[in-house]
Amino acid sequence: MTKTLRPQLIESTAGDVAAELARRGIAPEQQVTIVIPPDEPDDWLAAARRFARPKVIAAGWTDDDIDRIIDEERQAVQSQLK
């Protein structure tokens, strides 16, 4: 079984997933997560924002707080990829 220190992104078709995992040496019993992207990402993103916005406001956070957190997390992830 192949162990990795960070998540891997594999883009494939549904029919080729098992073959791609095997090609990379990932054992059939190894846990994997598959994400199926939405057909219309802009609509999904807008729906997610509509859902989250009242919760963010109720928690007393501002758009600036959210932007700061996103920037911090982006920098943390990018530093791990180097």
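I will try to describe carefully the structure that is included in this document. Nothing here was measured: the structure is a model prediction, and the numbers come from that model.

Judged by side-chain polarity, Val32, Ile34 and Ile36 come together as a nonpolar surface patch covering roughly 320 Å² of accessible area. Assignment of secondary structure puts isoleucine 34 in the loop between helix H1 (17–23) and helix H2 (41–58). For isoleucine 34, a relative accessible area of 59% gives the class exposed.

The next thing to look at is the side chain of glutamate 20. Inspection of the secondary structure puts glutamate 20 in helix H1. By relative accessible area, glutamate 20 is classed as buried at 16%. Residue contacts for glutamate 20: discarding those within four places in its chain leaves Ile10 and Ser12.

Rules used throughout
Residues numbered from 1 in each chain as written. Predicted model: local features only at pLDDT ≥ 70, side-chain atom pairs only at ≥ 80, totals over all residues. Heavy atoms only, no water. Patch = residues over 30% accessible without salt bridge, like charges linked within 9 Å, V, L, I, M, F, W, Y side chains within 5 Å. Areas by Shrake-Rupley, 256 points an atom, 1.4 Å probe, with all protein chains shown as cover. Salt bridge = Lys/Arg side-chain N within 4 Å of Asp/Glu carboxyl O. Helix = DSSP H or I, 4+ residues; strand = E, 2+ residues; numbered from the N terminus. Buried < 20%, exposed > 50% of the residue type's maximum accessible area, 1.4 Å probe, protein only. Contact = heavy atoms within 4.5 Å.

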